[in-house]
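Structural overview for review
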Amino acid sequence: MPAQIIDGAAIAEQIRQEVAQQAIAFAERAGMPPGLRVVLVGDNPASVSYVRGKTRAAEEVSMNSDTIRLPTITPEEDVLEIIQSLNADRNVHGILVQLPLPEHIDERHILNAVSADKDVDGLHPLNVGKLMRGEPYLLPCTPSGVVEMLLRSGQAPEGKHVVVCGRSNLVGKPLAAMLLLRGHGGNATVTVCHTGTKDLPYFTHQADILVAAMGRANSITADMVKAGSVVIDVGINRVDDVSRKSGYRLVGDVDYDAVAEVAGAITPVPGGVGPMTIAMLLQNTVKAAEVQLGSKD
Ligand code: GUN
């Protein structure tokens, strides 16, 4: 039987509608809409496209949203200065610096500089530490999108064995920490696999829920998947496709067609985790705005 398709686009739309209501309620109380600023250094085509999606989605839910685009050669000190001014701006409640950054900029300096209260990316060390201590506050958007998608599609991770393939700071590590939290959306048994894992198929076969976050097309093949399991594909890879006007198409980390014949449920690419990431960014922005308003009362 072919797998149930977990429709991330539809779930994300539901979340955006909820956030739109919260944004309106916030604006009424605060006298200003929630404000989001995305900082993009350079012109990486995938980043340009992601950032456009983020600011457009924020505008659609009546946020005050803008992208600050800087040339690739911008010195680190200039980026830090811009972050300081956004930290001090009372109209700005959420700040996201798009990654990856150009090589001459130290990512850690930039992520450390964003005010932890405005860190809607959940990547500031304080927010990472809170998550690890079991006191989640602002959570990274892609892994929280994965958890939300599992919950809203009736695939709660409680008591399940979740195998996460990938150990990045953006996805694999925070996702593992979230799944280990006590309570709803957590309480899973978690295995994290990575490039140093010997016999990856041995582990992927144990998964009730398998998360592919390796960043490489076709890394998860049908022979690696347990029949009836849930497969979440976090990958977004551009592969050449001369039949497209753009010259490429997007594929995930999972060999979708073949795995869909084995899995019980699967997320598509595009239309799976991608829209969830943006929806969670909007949710984080409203949450950050509400906390900042509350602390000013
Ligand atoms: N680049 C790819 N994904 C992300 C993300 O979730 N946040 C940031 N800041 N950059 C990214």
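Residues numbered from 1 in each chain as written. Predicted model: local features only at pLDDT ≥ 70, side-chain atom pairs only at ≥ 80, totals over all residues. Heavy atoms only, no water.

1. So, the sheet that holds strand E1 (residues 4–5)
Rules: By this definition, two strands are paired if DSSP reports at least two bridges between them. Here a strand is any run of E in DSSP of at least two residues, a helix any run of H or I of at least four, and the numbering for each starts at the N terminus.
Reading across the sheet, the 6 strands line up as E1-E11-E8-E7-E5-E6 and stay open at both edges, with parallel pairing between neighbours. Edge positions in the sheet fall to E1 and strand E6 (189–193), since each of these pairs with one other strand and no more. Relative to strand E11 (residues 265–266), E1 runs parallel, the two being bridged by 2 bridges. The residue bridging Gln4 from the neighbouring strand is Ala265, located in E11.

2. Thoughts on empty space enclosed by the protein
What counts here: Grid points spaced at 1 Å over the protein atoms alone were grouped into cavities, where a 1.4 Å probe fits but cannot get out, and pockets, open sets with protein on both sides within 12 Å along at least five of seven lines, with lining residues defined by an atom within 4 Å of a point. Grid points are joined across faces, edges and corners, and a volume is the space filled by probe spheres set on the points. Three classes are used, and their members are as follows: Ala, Val, Leu, Ile, Met, Phe, Trp, Tyr, Cys and Pro are nonpolar, Asp, Glu, Lys and Arg are charged, and the others, Gly among them, are polar.
The final tally for this structure, using the stated rule, is 1 cavity of 30 Å³ or more. Taken as a whole, the largest cavity spans an internal volume of roughly 40 Å³. Lining the largest cavity we find Ile95, Leu96, Val97, Leu111, Val114, Asp119, Asp121 and Leu123. When its residues are assigned to classes, the lining of the largest cavity shows 6 nonpolar, no polar and 2 charged.

3. Looking at the pairing of strand E3 (residues 64–70)
Which entries qualify depends on this criterion: By convention, a crossover is right-handed whenever its connection, traced from the first strand over the helix to the second and viewed with the strands pointing away, goes clockwise.
The sheet contact formed by strand E2 (residues 35–41) and E3 spans 7 bridges and is parallel. Looking at the pairing, Val41 lines up with Leu70 of E3. As for the winding sense of the linkage, the β-α-β connection from E2 through helix H2 (residues 45–60) to E3 is right-handed.

4. A few points about the pairing of E6
The sheet contact formed by strand E5 (residues 161–165) and E6 spans 5 bridges and is parallel. Considered in E6, the bridge of Val163 is made with Thr191. Viewed along the sheet, the connection from E5 through helix H7 (residues 172–180) into E6 turns out right-handed.

5. Observations regarding the site of the ligand
Note the cut-off: One heavy atom within 4 Å of a molecule or strand is enough for the residue carrying it to be called near that molecule or strand. Each polar contact in these results corresponds to two N or O atoms within 3.5 Å; when the atoms are within protein, one needs to be able to donate a hydrogen and the other to accept it, and residues that are neighboring in sequence are counted only if both atoms are side-chain atoms. Areas reported as accessible are Shrake-Rupley estimates using a 1.4 Å probe. Residue values count occlusion only from the protein chains shown. Being in a pocket or cavity means that more than half of the molecule's atoms lie within 2 Å of its grid points.
Taken together, the residues surrounding the ligand are Leu96, Val97, Gln98, Leu99, Asp121 and Leu170. Within the side chain of Gln98, a nitrogen or oxygen atom sits 3.1 Å from a nitrogen atom of the ligand. Note that a nitrogen atom of the ligand is positioned 2.4 Å from one of the side-chain N or O atoms of Asp121. In the complex, 84% of the free accessible area of the ligand, which totals 280 Å², lies under the protein chains. Of all the cavities here, the one that holds the ligand is the largest pocket. A breakdown of the residues in the shell around the ligand according to their chemical character gives 4 nonpolar, 1 polar and 1 charged.

6. Here we look at the layout of surface pockets
One simple way to see leftover space: roll a probe sized like a water molecule over the atoms. Counted as a void, the largest pocket has a volume near 1,300 Å³. Lining of the largest pocket is provided by 50 residues; of these, Tyr50, Gln98, Thr142, Ile236 and Thr277 occupy positions nearest its centre. Counting residues per element, the ones that place at least two in the lining of the largest pocket are H2, strand E4 (94–97), helix H6 (141–152), strand E9 (237–240), strand E10 (248–251) and helix H10 (273–296). With 10 residues, the single largest contributor to the lining of the largest pocket is H2. Class assignment for the residues of the lining of the largest pocket results in 25 nonpolar, 15 polar and 10 charged.

7. Here we look at a nonpolar patch on the surface
Applicable threshold: What makes a patch is a set of residues exposed beyond 30% relative accessible area and free of salt bridges, joined within 9 Å when like-charged and within 5 Å when nonpolar (Val, Leu, Ile, Met, Phe, Trp, Tyr). Salt bridges are identified by distance alone: a Lys or Arg side-chain nitrogen within 4 Å of an Asp or Glu carboxyl oxygen.
A cluster of nonpolar side chains, Tyr50, Ile236 and Leu250, forms an exposed patch at the surface whose accessible area comes to about 220 Å². With respect to the helices and strands, the residue Tyr50 is situated in helix H2.

8. Focus on the environment of Tyr202
As a reminder of what qualifies: Accessible area is worked out with a 1.4 Å probe on protein chains only. A residue is then buried under 20% of its type maximum, exposed over 50%, and partly exposed in between.
Looking at the element boundaries, Tyr202 is found in helix H8 (residues 200–204). The exposure class of Tyr202 is partly exposed, given its relative accessible area of 47%. Separated by 46 residues in sequence, Tyr202 and Tyr248 place their C-alpha atoms 33 Å apart.

9. Describing H6
Since there are 3.6 residues in each turn of an α-helix, residues three or four apart along the chain are aligned in direction. Quick reminder of the rule: An expected span of 1.5 Å times one less than the residue number is assigned to each helix.
Compared with the 16 Å implied by 1.5 Å per residue over 12 residues, the 16 Å span of H6 between its first and last C-alpha is a close match. Among the 12 residues that make up H6, 10 are buried, leaving the element largely enclosed by the rest of the structure. Of the residues making up H6, those classed as buried are Cys141, Thr142, Pro143, Ser144, Gly145, Val146, Val147, Glu148, Met149 and Leu150. A positive backbone phi angle near 80° is found at Gly154, which sits one or two residues after H6.

10. Digging into the side chain of Thr285
Convention followed: We call two residues in contact whenever any of their non-hydrogen atoms come within 4.5 Å of each other.
By secondary structure assignment, the location of Thr285 is in helix H10. A relative accessible area of 0% places Thr285 in the buried class. Residues contacting Thr285, with those up to four places away along its chain left out, are Pro34, Gly35, Leu36, Met63, His93 and Val120.

11. Topic: the packing of helix H1 (residues 8–30) against H6
For clarity, the threshold we go by: Helix axes are fitted only over the stretch in contact, all axes being lines through C-alpha atoms; the angle between N-to-C directions runs from 0 to 180 degrees. Every angle not falling under 35 degrees, over 145, or within 65 to 115 is termed oblique; those three ranges are roughly parallel, roughly antiparallel and roughly perpendicular.
Relative to each other, H1 and H6 sit at 100°, their axes nearing to 10 Å. Judged by the angle between their axes, H1 and H6 are roughly perpendicular. Between H1 and H6, the residues in contact are Gly8, Ile11, Gln14, Ile15 and Glu18 and Glu148, Met149 and Arg152, respectively. The residue inventory of the contact of H1 with H6, partitioned by class, reads 3 nonpolar, 2 polar and 3 charged.

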